[in-house]
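# A closer look at the structure
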Number of protein chains: 2
Amino acid sequence: MEIKVGVSNRHIHLCKEDLEKLFGNNYELVKLKDLTQPGQFACNEVVTIKTEKNEIEKVRVVGPVRNYTQVEISKTDAYILGINPPIRDSGDLKNSSGITVIGPKGSIDLKEGCIIPNRHIHVTKEDIKKYNLDESKLYDVIIKGEKGGVISKVKLKVDDNYLFELHIDTDDANAHLVKNGDILELKN
Amino acid sequence: MEIKVGVSNRHIHLCKEDLEKLFGNNYELVKLKDLTQPGQFACNEVVTIKTEKNEIEKVRVVGPVRNYTQVEISKTDAYILGINPPIRDSGDLKNSSGITVIGPKGSIDLKEGCIIPNRHIHVTKEDIKKYNLDESKLYDVIIKGEKGGVISKVKLKVDDNYLFELHIDTDDANAHLVKNGDILELKN
């Protein structure tokens, strides 16, 4: 079956407290554009993420504010920064990598919060029924083309507000020459 | 069957003429360390590669000199540089991307020469017999682990001086959390 892909570049989610430390008291995020998942949006705001080894500028903030701060990067970014973040679901931050985040009005030293995001598929309960999927299963996604292959161990992430979509990081996308919005084959 | 992997970071091969333009007349490459494939070596020398959009510094020269100059980058690098190089075998440079190469003594504007290297396996004729491989076939390589999957359409590259080894780029490696020297499964 076919599935649309969303490619996630490195980005950061902020809790209200950290947003204010980075951008100032009572600061409100400014929407740049809506993302595919309902309610999520890319913001005008960017930050610098920094480690002892190196830093990466212009890391996009994704809104709205959450109740945790989370930095999502690729393995390629992790090498640049000299850190070894775990592969995690959103919000599962225990013992993930520490990182410094720098904004225009201040900086925060996260003891943990930097992860490489797990490949996942956003689905509703209705999608699960409709496509005969299994929430407990890990899926393979098949990619054609000159650098094709298979992306394995893709989890389902279920919420009735979700739009049916595969989320992968830039390493997965670039390895297989996949672009945002491409249609791939989900093996069921 | 098992196969050892060599991960190729971005690098450049130089012909004698271009080596001299970049590093000076009668310049000779200085070996930093031997690579796995017999006769190939990483050099002390690095160059900057540059496009209208951006540049990447410290691109390693791989020796010895060849009869053509070739820049090998990943798709991730290609996005940074704003170019769209084809996926190619070494030496197949017709209509590949143009790029500027800057050395300490001069620079060259390549009209073509920048590629994303094809995934390939170095084999000898003896390996082909021993492992019952087929030179005309494209192979799948299976990767375990949290971001596992399959790397497809892997070509065989046959030469009796070769050491049996899979070569992939940093995008393939990082997408699947593969490191240089890892052992992967070649599906035969």
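Before reading further, recall that the structure is shown in the block above.
Numbering of residues begins from 1 in every chain and follows the order in which that chain's sequence is written. Working convention: letters from A go to chains and numbers from 1 go to ligands, in the order in which they are written. Note on the predicted model: pLDDT of at least 70 is required for a residue's local features to be given, and 80 or more for side-chain atom pairs to be given and counted; whole-chain, interface and lining totals, by contrast, use all residues. Values shown for side chains rest on all heavy atoms present in the structure; no hydrogens or waters enter the calculation.

### A few points about the interface of chain B and chain A
The condition is simple: What makes two residues a contact is simply this: any of their non-hydrogen atoms within 4.5 Å. Note on definitions: buried area is the accessible-area loss of two parts on being combined, 1.4 Å probe, summed for both. Salt bridges are defined by distance alone: a side-chain nitrogen of Lys or Arg within 4 Å of a carboxyl oxygen of Asp or Glu. Nitrogen and oxygen atoms within 3.5 Å of one another constitute a polar contact, given that in protein one can donate a hydrogen and the other can accept it, and given that sequence-neighbouring residues count only through two side-chain atoms. Every helix listed is a DSSP run of H or I at least four residues long, and every strand listed is a run of E at least two residues long, numbered separately from the N terminus. Strand pairing follows a simple DSSP-based rule, namely that at least 2 bridges must link the two strands.
Opposite the 23 residues of chain B that make contact, chain A presents 23 residues. Taken over both partners, the interface formed by chain B and chain A buries close to 2,000 Å², and the fraction arising from carbon and sulfur atoms is 51%. Where chain B packs against chain A, one counts 4 salt bridges. Notably, a salt bridge pairs Asp-169 of chain B with Lys-147 of chain A, separated by 2.8 Å at the nearest N-O pair. The interface formed by chain B and chain A contains 16 residue pairs in polar contact (both at pLDDT 80 or more). Those elements that provide at least two residues to the side of chain B that touches chain A are helix H2 (75-81), strand S12 (149-158) and helix H4 (170-175) of chain B. Pairing between strand S12 (residues 149-158) of chain A and S12 of chain B: 3 bridges, direction antiparallel. Bridge pairing in S12 of chain B links Gly-149 of chain A to Ile-151 of chain B.

### Describing the environment of Ile-83 of chain B
Residues and elements named next belong to chain B. Counted only if it meets this: Buried residues are those whose accessible area, probed at 1.4 Å on protein chains only, stays under 20% of the maximum for their type, while exposed residues exceed 50% and partly exposed ones sit between those limits.
Considering the arrangement of structural elements, one finds Ile-83 in the loop between H2 and strand S7 (87-88). A relative accessible area of 18% places Ile-83 in the buried class. A C-alpha to C-alpha distance of 28 Å links Ile-83 and Leu-35, two positions 48 residues apart in sequence. Each residue touching Ile-83, except ones within four places of it in the same chain, is listed here: Thr-51, Ile-73, Ala-78, Ser-97, Ile-99 and Cys-114.

### Let's talk about a positive patch on the surface
What counts is decided by this rule: Exposure above 30% relative accessible area and the absence of a salt bridge qualify a residue for a patch, where like charges join within 9 Å and nonpolar side chains (Val, Leu, Ile, Met, Phe, Trp, Tyr) within 5 Å. Residue burial considers only the protein chains on display, and all accessible areas are found by Shrake-Rupley using a 1.4 Å probe. Here Asp and Glu are counted as negative and Lys and Arg as positive; His is not counted, and neither are the chain ends. Taken as the charge location is NZ of Lys, CZ of Arg, CG of Asp or CD of Glu.
Taken together, the side chains of Lys-137 and Lys-187 of chain A together with Lys-137 and Lys-187 of chain B present a region of like positive charge at the surface. Here Lys-137 of chain A is to be found in the loop between helix H3 (125-130) and strand S11 (139-143).

### Details of the pairing of strand S13 (residues 165-169) of chain A
Residue and element names in this part refer to chain A. Of all the 5 residues making up S13, 5 are buried; the element is thus mostly covered by neighbouring parts of the structure. The two faces of S13 match: Glu-165, His-167 and Asp-169 on one face and Leu-166 and Ile-168 on the other face are all buried. As paired elements, strand S1 (residues 2-8) and S13 share 4 bridges and run parallel to each other. Each residue of the ladder has a partner; that of Val-7, found in S13, is Ile-168. Sheet topology note: the strand S10 (residues 120-123)/S13 ladder contains 3 bridges and is antiparallel. Considered in S13, the bridge of His-122 is made with Glu-165.

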